[in-house]
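Here's the letter readout for the chains.
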Amino acid sequence: MQPVRRQTLIAQVTEQLRAEIAGGRWPVGSRIPTETELRELTGTARNTVREAVQALVHAGMLERRQGSGTYVLSACASSALGDYFSAARDTDLLELREALDVTAAGLAALRRDEDDIIELRRLLARRNELWSPERVAAGSEEEAVRADLAMHRGIVAASHNTVYLEFYDSLVPVLQEQLEEFPVGAATSYESGHITLVEAVIAGDAQGARDAAQHLLNEVRLRRR
């Protein structure tokens with residue numbers, strides 16, 4: 001495993017661990033390295049490693065055993081939720097995301113730590129940078145969409161609710177498909193709304209964060225009409 005660059009963090013560490021398991025480095029039934037060892041292997045902070053491992057626990061790939069460590073249960077993640085979401089109606093998914101994003105934003109404002117703040121600022125800056133052109137160049141839309149989803153996922157991660165994070169991870173593929181159906185660029189960026197959301201979380205303003213998340217989802221609803 002190679003050290004993970006600072007800008008990757010939870011989602012990319014999760015994927016790296018997933019790849020190591022799928023590739024057979026840690027076979028089913030074996031114990032994976034400790035959090036301290038994983039921090040050294042990936043070059044990331046304790047909270048990042050903990051969130052990544054927990055995501056794979058909820059995905060059914062890992063199991064924590066009290067006093068013993070974390071063991072590999074399966075070489076592949078359960079895709080049941082992802083398959084279900086892929087077949088769901090857009091309106092149902094939007095309502096689910098509304099319940100998830102708004103609540104998670106409020107929790108993130110109450111629970112975010114210094115690592116979360118640093119990461120959210122980085123994710124916001126990257127997201128807004130990629131969405132700043134009037135129309136993102138062909139071939140770059142996917143990267144911009146991923147950056148948008150990474151920013152929103154960062155807020156869910158900052159809520160420190162692992163069940164919320166697992167649900168969001170299951171939603172990401174279908175959300176990406178939906179976002180790619182629309183033009184990507186400054187006209188659909190809602191940059192100020194995203195700034196308001198992240199700054200409310202950083203400031204610890206739970207109600208402001210919930211209001212900002214709801215406002216952004218209202219914009220999504222209007223765009224789909």
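Residues numbered from 1 in each chain as written. Predicted model: local features only at pLDDT ≥ 70, side-chain atom pairs only at ≥ 80, totals over all residues. Heavy atoms only, no water.

Under the annotation held in an unreviewed UniProt entry, the protein carries the name GntR domain protein and is attributed to Tsukamurella paurometabola.

1. Observations concerning the overall build of the protein
Looking only at helices and strands, the protein has 10 helices and 2 strands in total. Taken from N to C terminus, the helices and strands of the protein fall in the order α-α-α-β-β-α-α-α-α-α-α-α. With 225 residues in all, the protein has 45% of them scored as buried. For the protein, long-range pairs separated by at least 24 residues make up 73% of all intrachain contacts whose partners lie at least 6 apart in sequence. Element-wise, carbon and sulfur atoms account for 51% of the exposed surface of the protein, whose accessible area totals about 11,100 Å². (Helix = DSSP H or I, 4+ residues; strand = E, 2+ residues; numbered from the N terminus. Buried < 20%, exposed > 50% of the residue type's maximum accessible area, 1.4 Å probe, protein only. Contact = heavy atoms within 4.5 Å. Areas by Shrake-Rupley, 256 points an atom, 1.4 Å probe, with all protein chains shown as cover.)

2. Here's the deal with the environment of Ile 195
Tracing the sequence through the fold places Ile 195 in helix H9 (residues 191–203). In this structure the C-alpha to C-alpha distance between Ile 195 and Arg 121, which are 74 residues apart in sequence, comes to 9.3 Å. With near-sequence residues (within four places) excluded, Ile 195 lies in contact with Leu 124 and Asn 128.

3. Comments concerning the nonpolar core
The biggest cluster of nonpolar side chains holds 24 residues, and the ones touching the most others in it are Met 151, Ile 155, Leu 197, Val 198 and Val 201. The greatest single-element share of this core, amounting to 7 residues, is contributed by helix H10 (residues 206–223). Not counting the four nearest positions on each side in its chain, Val 198 is found in contact with Leu 120, Leu 124, Met 151 and Ile 155. The next biggest cluster of nonpolar side chains, apart from the first, holds 20 residues, and it includes Ile 10, Leu 100, Leu 179 and Val 184. (Core = buried A, V, L, I, M, F, W, Y, C linked by side-chain atoms within 4.5 Å.)

4. Observations regarding the side chain of Thr 42
Examined against the element boundaries, Thr 42 turns out to sit in helix H2 (residues 35–42). Side-chain polar atoms of Thr 42 contact the side chain of Thr 44, separated by 2.7 Å. (Polar contact = N/O pair within 3.5 Å; in protein donor to acceptor, adjacent residues only side chain to side chain.)

5. A word on empty space enclosed by the protein
Think of a ball as big as a water molecule: rolled over the atoms, this probe shows where empty space is left. What the rule picks out here adds up to 2 cavities of 30 Å³ or more. Looking at the largest cavity, its volume works out to about 220 Å³. Lining the largest cavity we find 20 residues, and of these Arg 97, Asp 148, His 152, His 194 and Leu 216 sit closest to its centre. Where the lining of the largest cavity is concerned, the elements lending two or more residues are helix H5 (90–111), helix H6 (114–131), helix H7 (141–158), H9 and H10. (1 Å grid on protein atoms, 1.4 Å probe; cavity = no way out; pocket = protein on both sides within 12 Å on 5 of 7 lines; lining within 4 Å. Points joined across faces, edges and corners; volume = space filled by probe spheres on them.)

6. Things to note about the packing of aromatic side chains
This structure, assessed with the given rule, holds 0 aromatic pairs. Note that Arg 65 overlies the ring of Tyr 71, its terminal NZ or CZ placed 4.0 Å from the centroid. Its guanidinium or amino end placed over the ring of Trp 131, Arg 127 lies 4.8 Å from that ring's centre, counting from NZ or CZ. (Phe/Tyr/Trp six-rings, centres within 6.5 Å; stacked < 30°, edge-to-face > 60°. Lys NZ or Arg CZ within 6 Å of the ring centre and 35° of its normal.)

7. Regarding helix H1 (residues 9–22)
Across its 14 residues, H1 extends 20 Å between first and last C-alpha, which sits within 8% of the 20 Å expected from 1.5 Å per residue. Along H1, the residues that are buried comprise Leu 9, Ile 10, Val 13, Thr 14, Gln 16, Leu 17, Glu 20 and Ile 21. Along H1, the residues classed as buried sweep out an arc of 165° about the axis, all on the same side. Downstream of H1 by one or two residues, Gly 24 has phi in the positive range, about 90°. (Expected span 1.5 Å × (residues − 1). Arc of directions from axis to C-beta.)

8. Points about the pattern of salt bridges
A full pass over the atoms with the stated rule returns 11 salt bridges. Note that Arg 50 and Glu 35 form a salt bridge whose closest N and O atoms lie 3.1 Å from each other. Separated by 15 residues along the polypeptide, Arg 50 in helix H3 (residues 46–58) and Glu 35 in helix H2 bring together distant segments of the chain. Classification of Glu 35 as partly exposed rests on a relative accessible area of 23%. Ionic pairing is found between Arg 65 and Glu 63, a salt bridge with its closest N-O pair at 3.1 Å. A relative accessible area of 36% means that Arg 65 is categorised as partly exposed. (Salt bridge = Lys/Arg side-chain N within 4 Å of Asp/Glu carboxyl O.)

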